[in-house]
Amino acid sequence: MEVIEIEKRLVKGALYGFLIGLALAIVFIPDTITHVEANVTTSYSIPMREYLLKLLRFAVKVSLATTVVLWIRDFYLGPRNNNEPSFLYGFIKSFAIVFILIIMVLLAFSLVSYFI
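Keep in mind that what you see is a predicted model, and the values were worked out from it rather than measured.

**A closer look at the nonpolar core**
- Core analysis: the largest hydrophobic core is formed by five residues, namely Ala25, Ile29, Ile46, Tyr51 and Leu55.
- Other than its neighbours up to four places away in sequence, Ile46 contacts Pro30, Asp31, Thr32, Ile33, Tyr51 and Lys54.

Okay, here's the thing in structure tokens:
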């Protein structure tokens, strides 16, 4: 029974990783390329087929990374117990920690650039 639960978790993680990776790729991968050389700006659009392949390639990489991380987590920590915090609690906790770290790094960079 435990193997089926791990398999379901890995498949679900891969699917969610793919969808989130695709959404991030749509947001962050531009469909135009701009070159600036000697005060001359050249801009051109990437062909749709090439752009879609870039998006899919990024989404598959995120999906595979998510699957590997989930597998490593299950391998070392074992299956999740019923009394562990929910996914939402872990997500909010992780978001808060990363947000605080980003703010601290930005403050450090701004202080360093202020004194230089």
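**Re the pairing of strand β1 (residues 32–37)**
- Where β1 and strand β2 (residues 40–45) come together, six bridges link them in antiparallel fashion. Paired with Thr34 across the strands is Ser43, a residue of β2.
- What sits between the antiparallel neighbours β1 and β2 is a turn of two residues, in which Ala38 has the positive phi angle 50 degrees.

**Re unusual backbone geometry**
- Positive phi, close to 50 degrees, is recorded for Ala38, a residue that is not glycine.
- Even without glycine at this site, Asn39 takes up a positive phi of about 60 degrees.
- Within the secondary structure, Asn39 sits in the loop between β1 and β2.
- Given the relative accessible area of 80%, Asn39 is considered exposed.

Conventions adopted
- Residues numbered from 1 in each chain as written.
- Predicted model: local features only at pLDDT ≥ 70, side-chain atom pairs only at ≥ 80, totals over all residues.
- Heavy atoms only, no water.
- Core = buried A, V, L, I, M, F, W, Y, C linked by side-chain atoms within 4.5 Å.
- Buried < 20%, exposed > 50% of the residue type's maximum accessible area, 1.4 Å probe, protein only.
- Contact = heavy atoms within 4.5 Å.
- Pairing = 2+ DSSP bridges.
- Helix = DSSP H or I, 4+ residues; strand = E, 2+ residues; numbered from the N terminus.

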